[in-house]
Amino acid sequence: MEGNILLFIQDNIRQPWLNPIMVGITSLADSGLIWAVVCFTLFLIPKTRKLGTMCCFAFLFMVILNNLTIKMIVDRTRPFVVVKNLVPLGRIPSDSSFPSGHTASSFAVATVILCRTKLRIGIPCMILAVLISLSRLYVGVHYPTDVLVGFVVGILCAFIGMRVGKFAYTKVTGKFPVLAKFPFCWRKEKSEVSES
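First, a word on scope: everything that follows refers to the structure included in this document.

Cut-offs applied
Residues numbered from 1 in each chain as written. Predicted model: local features only at pLDDT ≥ 70, side-chain atom pairs only at ≥ 80, totals over all residues. Heavy atoms only, no water. Axes fitted to C-alpha atoms, helices over the stretch in contact; angles between N-to-C directions. Helix = DSSP H or I, 4+ residues; strand = E, 2+ residues; numbered from the N terminus. Left-handed = near helix turned anticlockwise from the far one by under 90°. Contact = heavy atoms within 4.5 Å. Nonpolar A, V, L, I, M, F, W, Y, C, P; charged D, E, K, R; others polar. Core = buried A, V, L, I, M, F, W, Y, C linked by side-chain atoms within 4.5 Å. Buried < 20%, exposed > 50% of the residue type's maximum accessible area, 1.4 Å probe, protein only. Arc of directions from axis to C-beta. Phe/Tyr/Trp six-rings, centres within 6.5 Å; stacked < 30°, edge-to-face > 60°. Lys NZ or Arg CZ within 6 Å of the ring centre and 35° of its normal. 1 Å grid on protein atoms, 1.4 Å probe; cavity = no way out; pocket = protein on both sides within 12 Å on 5 of 7 lines; lining within 4 Å. Points joined across faces, edges and corners; volume = space filled by probe spheres on them. Patch = residues over 30% accessible without salt bridge, like charges linked within 9 Å, V, L, I, M, F, W, Y side chains within 5 Å. Areas by Shrake-Rupley, 256 points an atom, 1.4 Å probe, with all protein chains shown as cover. Salt bridge = Lys/Arg side-chain N within 4 Å of Asp/Glu carboxyl O.

### Considering the packing of helix H3 (residues 33-44) against helix H4 (residues 49-74)
Phase 1 of the analysis: One way to put it is that H3 packs onto H4 with a least axis distance of 6 Å and a crossing angle of 150°. Between H3 and H4 lies a crossing of left-handed hand. Contacts between H3 and H4 involve Trp35, Ala36, Cys39, Leu42, Phe43 and Leu44 on the former and, on the latter, Arg49, Leu51, Gly52, Thr53, Cys55, Cys56 and Phe59.
Phase 2 of the analysis: Looking at the contact of H3 with H4, its residues break down into ten nonpolar, two polar and one charged.

### Remarks on the nonpolar core
Phase 1 of the analysis: With 43 residues, the main nonpolar core has Trp35, Cys55, Val109, Val112 and Tyr138 as its most contacted residues.
Phase 2 of the analysis: Within the residue set of this core, elements represented by two or more residues are helix H1 (2-13), helix H2 (19-28), H3, H4, helix H6 (101-116), helix H7 (119-138) and helix H8 (144-175).

### Details of H2
Phase 1 of the analysis: Those residues of H2 not exposed but buried are Asn19, Met22, Ile25 and Thr26. Taken down its axis, H2 places every buried residue within 130° of arc, on the same side.
Phase 2 of the analysis: In the core, the buried residues of H2 are packed alongside H6 and H7.

### What to know about unusual backbone geometry
Phase 1 of the analysis: Across the junction of Phe98 and Pro99, the peptide omega takes the value -10°, indicating a cis bond.
Phase 2 of the analysis: Structurally, the position occupied by Pro99 is in the loop between helix H5 (79-82) and H6.
Phase 3 of the analysis: The backbone of Asn85 shows a phi angle near 75°, a positive value even though the residue is not glycine.
Phase 4 of the analysis: Position of Asn85 among the secondary structure elements: in the loop between H5 and H6.
Phase 5 of the analysis: You can call Asn85 exposed: its relative accessible area is 58%.

### Remarks on the packing of aromatic side chains
Phase 1 of the analysis: Per the stated rule, a full pass over the model turns up two aromatic pairs.
Phase 2 of the analysis: Measuring from centroid to centroid gives 6.1 Å for Phe57 and Phe61, while their planes differ by 35°, and the two rings are tilted. Of this pair, Phe57 and Phe61 both sit in helix H4, four residues apart, which is roughly one turn of that helix.
Phase 3 of the analysis: On the basis of an interplanar angle of 90° and a centroid distance of 4.9 Å, the ring pair of Phe107 and Phe151 is categorised as edge-to-face. Of this pair, Phe107 sits in helix H6 while Phe151 sits in helix H8, and the two are 44 residues apart along the sequence.
Phase 4 of the analysis: Lying across the ring of Phe43, Arg49 places its NZ or CZ 5.6 Å from the centre.

### So, empty space enclosed by the protein
Phase 1 of the analysis: Under the definition given, this model contains one cavity of 30 Å³ or more.
Phase 2 of the analysis: Empty space within the largest cavity amounts to approximately 50 Å³.
Phase 3 of the analysis: Lining the largest cavity are Val23, Thr26, Ser27, Asp30, Leu89, Gly90, Arg91, Pro93, Arg136, Val139 and Val141.
Phase 4 of the analysis: When residues in the lining of the largest cavity are grouped by element, the largest group, three residues, is from H2.
Phase 5 of the analysis: In terms of residue class, the lining of the largest cavity is built from five nonpolar, three polar and three charged.

### Details of the layout of surface pockets
Phase 1 of the analysis: In this structure, the largest pocket encloses a volume near 330 Å³.
Phase 2 of the analysis: For the lining of the largest pocket, the secondary structure elements donating two or more residues are H4 and H6.
Phase 3 of the analysis: With six residues, the top contributor of residues to the lining of the largest pocket is H4.
Phase 4 of the analysis: A breakdown of the residues in the lining of the largest pocket according to their chemical character gives six nonpolar, nine polar and seven charged.

### Quick look at a nonpolar patch on the surface
Phase 1 of the analysis: Residues Leu60, Ile64, Leu68 and Met72 make up a contiguous nonpolar surface patch of about 400 Å² in total accessible area.
Phase 2 of the analysis: By the secondary structure assignment, Leu60 is in helix H4.

See below:
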């Protein structure tokens, strides 16, 4: 059944002009790269450090639950190995199929951003997460249930990450307030010393 869905996508939805676009979209989240960059960038800026902490924890929990636990326990074979005539596009993954790590990482981080920022920032992140998830079906490297469960895992990790991240940020910055403003506070102190 799921194999037939992927074959339908391949035979009826794939287009030569669309293929490189979808491969490009799916490549953004290879190894969670784009979301790792987002987490690190948000954490690096003092103004968004609390949000970045939540995103980092959501991403970390996703890696542990999705990639290091469920994937290894289920160990589902990729659809292009099993489904006859299904031709994958782009990079060929070597790990197990269930659940989709691209989907889980995308929704883990994008959900935190959607819940903790303005809609004009959160909605584009969610749209990107949806496009990345759909691209996994388009390029033929995941079953629909891989993506569906990846979505659920991502949402779960987002809410856990928000709670744990908020707690950790509050505790650490409560004891070490300078960390909330680092590195900009050091620059300010340095400039004040030079002026005096």
